[in-house]
2 protein chains.
Amino acid sequence: MLSSRQILLLSTSRVHGYEFLEYAKEHIDKLLRGNNVTNLLFIPYALKDHDFYLARVDAVLSKWGYNVTSIHKGDPKTLIQAAQAIYIGGGNTFRLLKALYDNDLLDLIRKRVLEEGVLYLGSSAGTNVATRGIHTTNDMPIVYPPSLDALKLVPFNINPHYLDPDLNSVHKGETRQERILQYQELPEAGVVIGLREGSMLLIENNTMILKGLCKSRLFIPGQEPQEIDVGTDLSHLLNR
Amino acid sequence: MLSSRQILLLSTSRVHGYEFLEYAKEHIDKLLRGNNVTNLLFIPYALKDHDFYLARVDAVLSKWGYNVTSIHKGDPKTLIQAAQAIYIGGGNTFRLLKALYDNDLLDLIRKRVLEEGVLYLGSSAGTNVATRGIHTTNDMPIVYPPSLDALKLVPFNINPHYLDPDLNSVHKGETRQERILQYQELPEAGVVIGLREGSMLLIENNTMILKGLCKSRLFIPGQEPQEIDVGTDLSHLLNR
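This write-up is about the structure you can find in this document.

Here is what the cut-offs are and how they apply
Residues numbered from 1 in each chain as written. Chains lettered and ligands numbered in written order. Predicted model: local features only at pLDDT ≥ 70, side-chain atom pairs only at ≥ 80, totals over all residues. Heavy atoms only, no water. Helix = DSSP H or I, 4+ residues; strand = E, 2+ residues; numbered from the N terminus. Rg over C-alpha atoms; globule rule 2.2 N^0.38 Å. Buried < 20%, exposed > 50% of the residue type's maximum accessible area, 1.4 Å probe, protein only. Contact = heavy atoms within 4.5 Å. Buried area = accessible area lost by both parts, 1.4 Å probe. Salt bridge = Lys/Arg side-chain N within 4 Å of Asp/Glu carboxyl O. Polar contact = N/O pair within 3.5 Å; in protein donor to acceptor, adjacent residues only side chain to side chain. Pairing = 2+ DSSP bridges. Axes fitted to C-alpha atoms, helices over the stretch in contact; angles between N-to-C directions. Least-squares fit on C-alpha atoms with pLDDT ≥ 70 in both. Phe/Tyr/Trp six-rings, centres within 6.5 Å; stacked < 30°, edge-to-face > 60°. Lys NZ or Arg CZ within 6 Å of the ring centre and 35° of its normal.

### Re the overall build of chain A
For chain A, the helix and strand inventory stands at seven helices and 11 strands. For 240 residues, the compact-globule estimate of 2.2 N^0.38 gives 18 Å, and the C-alpha radius of gyration of chain A, at 17 Å, lies within 12% of that figure. When burial is assessed residue by residue, chain A has 58% of its 240 residues classed as buried. The long-range share in chain A, meaning contacts at least 24 apart out of those at least 6 apart in sequence, stands at 68%.

This is the structure we're talking about:
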């Protein structure tokens, strides 16, 4: 029984008209401060320049009253063992997942979050790697991770930055929905949640609610894709 | 010295305002009929339903006077050994590459095209797998191929369906150019050609020319991205 998890998965860190992470501040504060946590371990592996990335994240989170440590400043496993909350940021999902494998961190993060109550915050690629696998990332496979399997903090896939087809476009590349449905042609594929910019999933123990600025799109194999309103209880998807 | 290759790499099979493959008919005819070839071996691995895919391709190509055999109708290696020309169509690049590995066809196709003069036609995913690797595909990693390395008929990467940023969009996901530049941060990355819809590369022996309806975008590591006009001689990129 997995019952201690406290997880917030953001589609993105950047929404038009908001500062970095600002659209999600209320929910980030509830997750962290609501649990009396002000120290955050940041994992910048999805971008190449870790110092630059840390500076960008720290500039915002320190203003909000949080102390940010980055995993590249010390021994990764020791820092995860000591963490109260982990934030994995966006960038390239393949680069991120490969770095988690290279540093042998997947089992440890999973255990810390699912069994020991460490808070998890993810955005974009950091949301992708929180799921069962990165099969529905939008990123290019710039490096080759040893597997597509990810942290499995939740038992489904997410497509961050979900985009509706542009009905005015003459571009004939596959739409996002077509790509997700191609995945679901496979017998091993499961549920996919398309999180539009500004959407997020809040998982507290065994409940999961859609939060944020806009509807999301839910893909269940064998069913028509469905629109989900903000506030919808999606807890049943944690047990599929 | 690789000197016998005859390769046509299309960004896509579908361009707005044209029938399937129609925008490239002149160049396809030159490649095939210009070499007195009317029999084509089709590889439909990028889509799930091979019969459906064959029917769609055959409907067009048989109208143009070609005889299309699909690789799923017989023994794959025997069919490749007998082929005069190979056409690999689009769909999901990961599914396509995995099927080529599962059927142990990469070395054989490479040898047939580079050493024995078999003509190669690719579109979209079929263009991606013709290159050194699929690192710059737009597709989702719905399956896990044993490597990202591909047929290596050319020594660079291609991004098919290359898209310019939509300046009116408020979407904050990475642009195509940002994704390609993230790849080129890696020391092992090389040249990437972004083929816009309607662009194609024609490789004859040791020459390569940009053909088609519109400019392409050339990414050389360490340099600013460049626009390339239709008709530009890109042969130097075959020897990098």
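### Some details on the interface of chain A and chain B
Opposite the 42 residues of chain A that make contact, chain B presents 42 residues. Around 3,700 Å² of area is buried between chain A and chain B when both sides are counted, 57% of it from carbon and sulfur atoms. At the surface where chain A touches chain B, the tally comes to four salt bridges. As a salt-bridge pair, B:Arg95 and A:Glu185 come within 2.9 Å of each other at their nearest N and O atoms. Here chain A and chain B share 11 residue pairs in polar contact (both at pLDDT 80 or more) between them. Secondary structure elements with two or more residues in the side of chain A that touches chain B: helix H4 (93–102), strand E6 (157–162) and helix H7 (176–183) of chain A.

### Considerations on the sheet that holds strand E5 (residues 119–123) of chain B
Residue and element names in this part refer to chain B. Ordered by their spatial adjacency, seven strands build an open sheet running E3-E2-E4-E5-E1-E8-E9, and the pairing between neighbours is mixed. In the strand order of this sheet, the two ends are held by strand E3 (67–70) and strand E9 (207–212), each with one partner. Mean inter-strand twist for the sheet, computed between neighbouring axes without regard to direction, equals 20°. Sheet topology places strand E1 (residues 6–10) next to strand E8 (residues 199–204); five bridges connect them, and they run antiparallel. Within E8, the residue paired with Leu 8 across the bridge is Leu 202. Sheet contacts for helix H1 (residues 25–32): E1, strand E2 (39–43), strand E4 (85–88), E5, E8 and E9; angle to E1, the most-contacted strand, approximately 160°.

### Re the sheet that holds strand E10 (residues 216–219) of chain B
All names here are of chain B. Overall, mixed pairing links the four strands, which are arranged E6-E7-E10-E11 in an open sheet. What marks the edges here is a single partner per strand, and that holds for strand E6 (157–162) and strand E11 (226–228). Within the sheet, the average angular offset between the axes of one strand and its neighbour, ignoring direction, is 25°. Running over the sheet, helix H7 (residues 176–183) touches E6, strand E7 (192–196) and E10 and is turned about 170° from E6.

### Concerning the relation of the copies chain A and chain B
Superposition of chain A onto chain B requires a rotation of 180° combined with a translation of 0.0 Å along the rotation axis, giving an RMSD of 0.0 Å. Interpreted geometrically, this transformation is the action of a two-fold axis. Proximity to the rotation axis, assessed at the C-alpha, singles out A:Asn138 in chain A; its C-alpha lies 3.6 Å from the axis. Taken as a fraction of all interface residues of chain A, those also at the interface in chain B reach 100%, which identifies the copy contact as same-surface.

### Let's talk about the environment of A:Tyr162
Residue and element names in this part refer to chain A. Take Tyr 162: it is sitting in strand E6. Judged by its relative accessible area of 3%, Tyr 162 falls in the buried class. As for Tyr 162 and Arg 176, which are separated by 14 residues in sequence, their C-alpha atoms are 7.1 Å apart.

### A word on the pairing of E10(B)
Residues and elements named next belong to chain B. The alternating pattern of E10 places Ser 216 and Leu 218 and Arg 217 and Phe 219 on opposite faces, both of which are buried. In this sheet, E10 lies alongside E7 in antiparallel orientation, the contact comprising three bridges. Counted as the bridge partner of Val 192 is Phe 219 from E10. As paired elements, E10 and E11 share three bridges and run antiparallel to each other. Bridge pairing links Leu 218 to Gln 226 in E11.

### Thoughts on the pairing of E6(A)
Residues and elements named next belong to chain A. Counting buried positions over the six residues of E6 gives six, a clear majority of the element. Of the pairings in the sheet, the one linking E6 to strand E7 (residues 192–196) comprises four bridges and is parallel in character. Bridge assignment links Tyr 162 to a residue of E7, and that residue is Arg 196.

### Regarding H1(B)
Restricting attention to buried positions, one finds in H1(B) the residues B:His27, B:Ile28, B:Asp29, B:Leu31 and B:Leu32. On the buried face of H1(B), the contacting elements are E1, E2, E4, E5, E8 and E9 of chain B.

### Some words on helix H4 (residues 93–102) of chain B
Count 3.6 residues to each turn of an α-helix, and residues three or four apart come out pointing the same way. Residues and elements named next belong to chain B. Counting buried positions over the 10 residues of H4 gives seven, a clear majority of the element. The complete set of buried residues in H4 reads Thr 93, Phe 94, Arg 95, Leu 96, Leu 97, Ala 99 and Leu 100. The distance from a side-chain oxygen at the start of H4 to the backbone nitrogen of Phe 94 is 2.9 Å, and the residue carrying that oxygen is Asn 92. Of the residues flanking the end of H4, it is Asp 104, one or two places downstream, whose phi is positive at about 55°.

### Notes on the pattern of salt bridges
For the structure on display, the rule yields 34 salt bridges over all chains. Its salt-bridge partner being B:Arg179, residue A:Asp139 comes within 2.4 Å of it at the nearest N-O pair. Within this pair, whereas A:Asp139 is found in the loop between helix H6 (125–128) and E6, its partner B:Arg179 is found in helix H7, the two belonging to separate chains. Like B:Arg179, A:Asp139 is buried. Its salt-bridge partner being B:Glu227, residue B:Arg217 comes within 2.6 Å of it at the nearest N-O pair.

### Looking at the environment of A:Thr207
On the secondary structure map, A:Thr207 appears in strand E9 (residues 207–212). Linking A:Thr207 and A:Leu9, residues 198 residues apart in sequence, is a C-alpha distance of 14 Å.

### Remarks on the packing of aromatic side chains
Here the distance between the centres and the angle between the planes together describe a pair of aromatic rings. Residues and elements named next belong to chain A. The tally for this structure, following the rule as stated, stands at 10 aromatic pairs over all chains. Grouped by ring-pair contacts, the aromatic residues Phe 42, Tyr 53 and Tyr 87 constitute a single cluster. The aromatic ring of Trp 64 is capped on one face by Lys 25, whose charged end is 5.2 Å from the ring centroid.

### Observations regarding unusual backbone geometry
With a phi angle near 55°, A:Asn205 is a residue other than glycine that sits in the positive phi range. Its location among the elements puts A:Asn205 in the loop between strand E8 (199–204) and E9. Look at B:Asp104: it is not a glycine, yet its phi comes out positive at around 55°. Looking at where B:Asp104 falls in the secondary structure, it is placed in the loop between H4 and helix H5 (106–116).

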